[in-house]
Amino acid sequence: MMSQADSKTGTEADLDARHAEKMRKKKEARDKILATKTIEKGLLIVHTGKGKGKSTAAFGMVMRAIGHGMKVGVVQFIKGRIETGEKAVLDRFPDQVTVKRMGEGFTWETQDRQRDIAAAAAAWDAAKAMILSREHRMVLLDELNIVLRYDYIDLADVVAFLRDEKPDDVHVIVTGRNAKDELIEIADLVTEMTQVKHPFRSGVKPQAGIEF
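This is a predicted model, so every value here is computed, not measured.

Q: Which residues make up the sheet that holds strand β2 (residues 72-76), and what values go with them?
A: Pairing is parallel across the open sheet formed by six strands, whose spatial order is β3-β2-β4-β5-β1-β6. The open sheet has two edge strands with one neighbour each: β3 (97-101) and β6 (189-192). Averaged over all pairs of adjacent strands, the angle between strand axes in this sheet comes to 10°, irrespective of strand direction. Sheet topology places β2 next to strand β4 (residues 138-142); five bridges connect them, and they run parallel. Each residue of the ladder has a partner; that of G73, found in β4, is V139. Across the sheet, helix α2 (residues 54-67) is in contact with β1 (44-48), β2, β3, β4 and β5 (171-175); its angle to β4 comes to roughly 160°.

Q: Go over the packing of helix α5 (residues 113-132) against helix α7 (residues 155-165), please, and point to the residues and values.
A: Closest axis-to-axis distance for the α5/α7 pair is 12 Å, and the angle between their directions is 5°. It follows from the interaxial angle that α5 and α7 lie roughly parallel. On α7, the residues touching W124, K128, I131 and L132 of α5 are D157, V158, F161, L162 and E165.

Q: Before we move on, can you summarise the packing of aromatic side chains with the specific residues and values?
A: When we look at a pair of aromatic rings, we describe it by the centre distance and by the angle of the planes. One pass over the structure, following the stated rule, counts two aromatic pairs. Between W124 and F161, the ring centres sit 5.5 Å apart and the planes meet at 85°, which makes this aromatic pair edge-to-face. Of this pair, W124 sits in helix α5 while F161 sits in helix α7, and the two are 37 residues apart along the sequence.

Q: Describe the nonpolar core, with residues and values.
A: Counting residues in each nonpolar core, the largest one holds 31 residues, and the members touching the most others are F77, W124, L141, L144 and L162. Counting residues per element, this core draws most heavily on α5, at seven residues. In contact with L141, not counting residues within four places along its chain, are V75, F77, W124, A127, I131, V172, I173, V174 and T175. Grouped together as the second largest cluster of nonpolar side chains are 13 residues, A58, V72, M138 and I173 included.

Q: For a nonpolar patch on the surface, give the residues involved together with the corresponding values.
A: On the surface, M63, V89 and F93 cluster together into a nonpolar patch covering about 200 Å² of accessible area. With respect to the helices and strands, V89 occurs in helix α3 (residues 85-90). Residue class for V89 comes out partly exposed when judged on its relative accessible area of 32%.

Q: Any chance you could break down unusual backbone geometry for me, citing the residues and the numbers?
A: Not every positive phi belongs to a glycine, and D151 is a case in point at roughly 60°. Positionally, D151 belongs in the loop between α6 (144-149) and α7. Look at D151 and you get exposed, because its relative accessible area is 56%. For N178, which is not a glycine, the phi torsion comes out positive at approximately 60°. Along the chain, the position of N178 falls in the loop between β5 and α8 (181-186). Relative accessible area serves as the criterion here: at 37%, N178 is assigned to the partly exposed category.

Q: Can you lay out α5 for me, pointing to particular residues and giving the numbers?
A: In a regular helix each residue adds 1.5 Å, so 20 residues correspond to 28 Å; α5 covers 29 Å between its end C-alpha atoms and thus fits that length. Of the residues one or two after α5, R134 is the one with positive phi, at around 60°.

Q: Summarise the pattern of salt bridges; cite the residues concerned and give the values.
A: The tally for this structure, following the rule as stated, stands at 11 salt bridges. Between R24 and E21 there is a salt bridge whose closest N-O contact spans 2.7 Å. Here E21 and R24 lie together in helix α1 (residues 4-35), a separation of three residues that amounts to about one turn. Of the residues examined, R24 reaches a relative accessible area of 42% and is grouped as partly exposed. We note a salt bridge from D31 to K27, for which the minimum N-O separation is 2.7 Å.

What counts as what
- Residues numbered from 1 in each chain as written.
- Predicted model: local features only at pLDDT ≥ 70, side-chain atom pairs only at ≥ 80, totals over all residues.
- Heavy atoms only, no water.
- Pairing = 2+ DSSP bridges.
- Helix = DSSP H or I, 4+ residues; strand = E, 2+ residues; numbered from the N terminus.
- Axes fitted to C-alpha atoms, helices over the stretch in contact; angles between N-to-C directions.
- Contact = heavy atoms within 4.5 Å.
- Parallel < 35°, antiparallel > 145°, perpendicular 65-115°, else oblique.
- Phe/Tyr/Trp six-rings, centres within 6.5 Å; stacked < 30°, edge-to-face > 60°.
- Core = buried A, V, L, I, M, F, W, Y, C linked by side-chain atoms within 4.5 Å.
- Buried < 20%, exposed > 50% of the residue type's maximum accessible area, 1.4 Å probe, protein only.
- Patch = residues over 30% accessible without salt bridge, like charges linked within 9 Å, V, L, I, M, F, W, Y side chains within 5 Å.
- Areas by Shrake-Rupley, 256 points an atom, 1.4 Å probe, with all protein chains shown as cover.
- Salt bridge = Lys/Arg side-chain N within 4 Å of Asp/Glu carboxyl O.
- Expected span 1.5 Å × (residues − 1).

See the structure below:
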């Protein structure tokens, strides 16, 4: 007669065997799919949505690129005056990273539309030059969506440049909520951050290491 322990062991062995077979078939199917993915190109990536994490995820990709020995460029359209943790980290890789902090703060802080327009235009010129230089494998345009939302630079110009003039081997990441439909249309990868809960609504102020 089979003991309870033997019965349990047998059941576990059956589960293990079925799991192994399931994973074998899954790996086989995935390997077939991966074998068909042969294109390597510079991507246009958009991080948008009302949830937190758009720039955070983008800077995570920047760190990953640095780890692979790539050169990376960053243009910050809005947050130029904020001392951020990511800037402190990137400053440790001067041979790989170029950071241009060209924003003067959010529009409700400057309260000067013409000043914001001038800053956005200068940042966009710097971004185009950085992308076209081919010195950087990846370029992050942090909060570009914000200046497009306020019409500080011409959307048609941005879309045409990223669609027609961006070198094929350069990755470009665009962040900011309310991404324009025209930008989403030409992007290769679009992620929308959805807010479920945020401590700010409970009276918690922005904190180092979390927001900046």
